[in-house]
Amino acid sequence: MKKIFIIAVVLIYSSLALAKGGHLIIAMNGKSEPANLDSQLDPYDSAKVLNNFVADRLVFINPNGAKYEPHLAKNWEISSNNLMWTFSLRDDVKFHDGTKFNAEAVKYNIERILNPDSGSGEAAAEFGNLESIEVIGEYQLKITHKKPFANFLQTLATQLVIWSPKALKENSVSEFSNKLIGTGPFTLEEWVPNNYAKFKKWPEYNWGPSIQKNKGPVNLEMITVKFIDEEMVRGTIVSTGEANLIWDTPAQFVSQYEGDPIYEVISGFQAGTGMQYVMNVTKAPLDNILVRKAIRYATNQKALNELVYEGRYLPMNGPLNSVHTCFNSEIENRYEYDLDKAKMLIEEAGYKDKDGDGVYESYGVAGMKDGTPLQVLWTALSRQAKGEALQAQLRMAGIDLKLEIVPGPIQLERAQKKTFDLMYERQRVPVPDVLHLVYHSGNTGPGGWAWTGFEDENLDKILVEMKNTVVPSKACDLAKQAQNIIQENAIQLPTMGQAMIYVHNNSVKDFQLGAQGGWFYVYNTYID
C-alpha cells in the first residue's frame, strides 16, 4: 500500500512538473496602442497582432518560409482566368459566443469591411475589385473579382479577421471593441485604454494553425499586454521583473540584455515601406519639388541610424526597404547626403536667409508671404528622438523642422484634411500592392492611405497594372518602375527600416516570430 501511494505521488508530481501554462506579461509601446481593438476598423498592425489572440483567419502565413496555408479555410481553388476563388471551410469551428463559424459568417465579415459606412478604408482597399461573394454551401464560399488580384491570399491572411456576426449585430462599434468575439485561442477579458488589455485562455479552442504543436487549447492561461509610453520604463521592465517580454524594445536598451543568459534578444524586420514620412504636395512649401528634393539631400540616413538606433535598423533610401521582394536597388543612391546641394535647391526655389538666422525665408514663392521662414511640420505617432535628430540635420540646410507627436486618430484626421507637411506613414506589406495602397491617387478618400496628394497618370497606370498582374516577376518589374517615379518626384522621405526587437526572460518558452518581424505567435508559448 505504501509503495502504491509513493508511485501515485510521483506521478502527480511529474504531471504537475510537465504541465505548461502561465501568465505572459507583455510590455508594448503605448504609442502604438490601437484606438479600436477591432482590426477590421483600426488600420494599425498592433491591432492585427492583438487580434491574433482572439480570432482566426481563413489563411495562415507560416513563419517558416512565409507560405500561405489553410486555417479556417481547409483548401481553395482559383479559376483558370484567375478571377474566381472557391473556398472550402472547416465545419468544426465556433465563435466564443457559441455560434457556428460558416460561409455566411465569412460573407458577413467581408461585406462589413467593404461597406463604406464601416470606415474600413485600408482593409477594403486590400480586397481588390470584388464582383460577388456567394455562399454555395454551408461551408463553401465563392468569391469573384472583376480583375485578377494576385495578392488575395495575403489579404485574407492579414486583413480578414473573422468576428461573430451575431456579436457584431448586437453591439455598437465601441461596445464590440471591448468584447472581440472571435474563434481564437483567447477571449478578451478586459481592455483599459492607455493601461492594459487582458486575454484569457479559451478551453474550447481546437483548430490552431499548422505551427501549433499540440492541438486543442493553447498552453498559456493568461496574457496581459501593458501599454507603456515611457521608453525608459519599457526598456527596463523585463529586468525589473514587471513583465516577461518587451514588444518593440527601444534600441538604446538592447545592449543591457545582450550576452546575458537570463534573457533572449530577437530581432525581426518587416518588408514594406519602412519608417517613411510622406510629403504633402498640395500646399506650400512641399508643393515645390525643389524643396522636397532639398529635404532628401539634407537627410543623412546613416547618421540617424547610428545616433538614434545604434545602427541596428536597416538603412533605407527609397520607397521600399531592402527586405521587400520588389526592392529597387538601382534608385537607392538617388539622393546621397549633400548639404551644399540641398541649400542650392532651396535657393533655386526662391528662398534666402536675409536676416542671417540660419533659416531661409521665402521671397516670391507662390502661396507664401515674403519673409516667411521655411518651416516644415513633422507629424509622427512617436520617435521623438529621431525627430530631434532630423530636426538638427535639416536646420543645417536652413529648414526649420517643427515637431509634433499625435495619437493615431489625429494622424488619420490630418491625413484626410491634408493639414500636414511631412507625416509618418508606414505599411508593413511584403507584396508589391503596398505601393498601390500608398501612392495610387484613387486611395485618397476616408480610410485611404494615399496621403501625399500626388497625382500622376503614368504612376496610376503602372500601379493598376501591377495590382492586377498574377505573375510575381512582372508585378515586381512594374513595382520597380513605380518606385522610380516616386523617387524622382521626391514625395516621401525614407529614414530606415525598423528592427522590431523583442526581449524576454528565460521563463518564456516557445515564443515565435511571424514571417513579418512585427507579428508574433503564442500558440506554443508557456511560462516555465
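Keep in mind that what you see is a predicted model, and the values were worked out from it rather than measured.

### Observations concerning the overall build of the protein chain
Link 1 in the chain: When helices and strands are counted, the protein chain shows 16 helices and 25 strands.
Link 2 in the chain: In terms of overall dimensions, the protein chain has C-alpha extents of about 100 × 55 × 40 Å along its principal axes.
Link 3 in the chain: Relative to its 528 residues, the protein chain shows a buried fraction of 58%.
Link 4 in the chain: Sequence separation of at least 24 residues holds for 68% of the intrachain contacts in the protein chain that already meet a minimum separation of 6.
Link 5 in the chain: Accessible surface, the protein chain as shown: approximately 21,500 Å² in total, 51% of it carbon and sulfur.
Link 6 in the chain: Averaging the locations of the 52 positively and 63 negatively charged side chains of the protein chain gives two centres separated by 4 Å.

### Examining the pairing of strand S19 (residues 422-425)
Link 1 in the chain: Along S19, one buried face is formed by Leu-422 and Tyr-424 and the opposite face, lined by Met-423 and Glu-425, is buried too.
Link 2 in the chain: Pairing of strand S13 (residues 275-279) with S19, which is carried by 4 bridges, proceeds in the antiparallel orientation. Note on S19: the bridge partner recorded for Gln-276 is Glu-425.

### Overview of the environment of Asp-42
Link 1 in the chain: Inspection of the secondary structure puts Asp-42 in the loop between strand S1 (23-29) and helix H2 (45-54).
Link 2 in the chain: With a relative accessible area of 5%, Asp-42 lands in the buried category.
Link 3 in the chain: Between the C-alpha atoms of Asp-42 and Gly-447, which are 405 residues apart in sequence, the distance is 9.4 Å.
Link 4 in the chain: Not counting residues within four places of it along the chain, the set of residues in contact with Asp-42 comprises Pro-34, Ala-35, Asn-36 and Ala-47.
Link 5 in the chain: Within the local environment of Asp-42, its side chain forms a polar contact with the backbone nitrogen of Tyr-44, the two atoms lying 3.0 Å apart.

### Some details on the sheet that holds S1
Neighbouring strands of a sheet are bound in pairs by backbone hydrogen bonds; such pairs are parallel or else antiparallel.
Link 1 in the chain: One open sheet holds the 7 strands; their spatial order is S8-S9-S10-S1-S11-S21-S12, and the pairing between them is mixed. The outermost strands of the open sheet, each flanked by one partner alone, are strand S8 (186-192) and strand S12 (263-269). Strand after strand, the sheet turns through a mean of 20 degrees between neighbouring axes, direction not considered.
Link 2 in the chain: Bridge count for S1 against strand S11 (residues 245-247) is 3 bridges, and the pairing is parallel. Across the sheet, Met-28 pairs through a bridge with Trp-247, a residue of S11.

### Some details on the packing of helix H9 (residues 289-298) against helix H11 (residues 339-348)
When two helices pack together, their arrangement is given by the angle between the helix axes and by the axis-to-axis distance.
Link 1 in the chain: The interhelical angle for the contact between H9 and H11, taken along N-to-C directions, is 165 degrees, at an axis separation of 8 Å. Relative to H11, the element H9 is oriented roughly antiparallel. Here H9 and H11 pass one another in a crossing that is left-handed. Along its contact with H9, which presents Leu-290, Lys-293, Ala-294, Tyr-297 and Ala-298, the element H11 presents Leu-339, Lys-341, Ala-342, Leu-345, Ile-346 and Glu-348.
Link 2 in the chain: Partitioned by chemical class, the residues of the contact of H9 with H11 number 8 nonpolar, no polar and 3 charged.

### Notes on the state of the cysteines
Link 1 in the chain: A complete count under the given rule lists 1 disulfide for this structure.
Link 2 in the chain: In this model, Cys-326 is linked to Cys-476 through a disulfide, with the two sulfur atoms separated by 2.0 Å. Its S-S torsion of about -70 degrees marks the bond between Cys-326 and Cys-476 as left-handed, since a negative value means left-handed. In this pair, Cys-326 sits in the loop between strand S14 (314-315) and H11 while Cys-476 sits in helix H16 (residues 472-488), placing the two residues 150 residues apart along the sequence. For the pair Cys-326 and Cys-476, one class covers both residues: buried.

### What about the nonpolar core?
Across soluble globular proteins, you tend to see nonpolar side chains buried next to one another.
Link 1 in the chain: By size, the foremost hydrophobic cluster in this structure holds 75 residues, and its most contacted members are Ile-295, Tyr-351, Leu-422, Leu-435, Tyr-439 and Leu-459.
Link 2 in the chain: Among residues more than four places away in sequence, those in contact with Ile-295 are Met-279, Leu-286, Val-376, Leu-394, Ile-399 and Leu-493.
Link 3 in the chain: In terms of nonpolar packing, the next biggest core, distinct from the first, is built from 74 residues, Val-49, Phe-152, Leu-156 and Ala-157 among them.

### Quick notes on helix H15 (residues 457-468)
Link 1 in the chain: Its 12 residues place the ends of H15 17 Å apart at the C-alpha level, agreeing with the 16 Å of an ideal helix rising 1.5 Å per residue.
Link 2 in the chain: Among the residues of H15, Leu-459, Asp-460, Ile-462, Leu-463, Met-466, Lys-467 and Asn-468 are the ones counted as buried.
Link 3 in the chain: Regarding H15, its N-cap is Asp-456, as a side-chain oxygen of that residue lies 3.1 Å from the backbone nitrogen of Asn-458 further along.

### Details of the packing of helix H10 (residues 301-309) against helix H12 (residues 384-396)
Link 1 in the chain: Contact pair H10 / H12: the axes reach a minimum separation of 10 Å and the direction vectors enclose 140 degrees. The angle between H10 and H12 places the two elements in the oblique class. Here the hand of the crossing between H10 and H12 comes out right-handed. Taken together, the residues of H12 that come into contact with H10 (itself represented by Ala-303, Leu-304, Leu-307, Val-308 and Tyr-309) are Ala-385, Lys-386, Ala-389, Leu-390 and Gln-393.
Link 2 in the chain: Classifying every residue of the contact of H10 with H12 by side-chain character gives 8 nonpolar, 1 polar and 1 charged.

The rules we used
Residues numbered from 1 in each chain as written. Predicted model: local features only at pLDDT ≥ 70, side-chain atom pairs only at ≥ 80, totals over all residues. Heavy atoms only, no water. Helix = DSSP H or I, 4+ residues; strand = E, 2+ residues; numbered from the N terminus. Buried < 20%, exposed > 50% of the residue type's maximum accessible area, 1.4 Å probe, protein only. Contact = heavy atoms within 4.5 Å. Areas by Shrake-Rupley, 256 points an atom, 1.4 Å probe, with all protein chains shown as cover. Lys, Arg positive; Asp, Glu negative; His and termini not counted. Charge placed at Lys NZ, Arg CZ, Asp CG, Glu CD. Pairing = 2+ DSSP bridges. Polar contact = N/O pair within 3.5 Å; in protein donor to acceptor, adjacent residues only side chain to side chain. Axes fitted to C-alpha atoms, helices over the stretch in contact; angles between N-to-C directions. Parallel < 35°, antiparallel > 145°, perpendicular 65-115°, else oblique. Left-handed = near helix turned anticlockwise from the far one by under 90°. Nonpolar A, V, L, I, M, F, W, Y, C, P; charged D, E, K, R; others polar. Disulfide = S-S within 2.5 Å. Core = buried A, V, L, I, M, F, W, Y, C linked by side-chain atoms within 4.5 Å. Expected span 1.5 Å × (residues − 1).

So, to be careful, I would describe these as geometric facts and stop short of saying anything about function.
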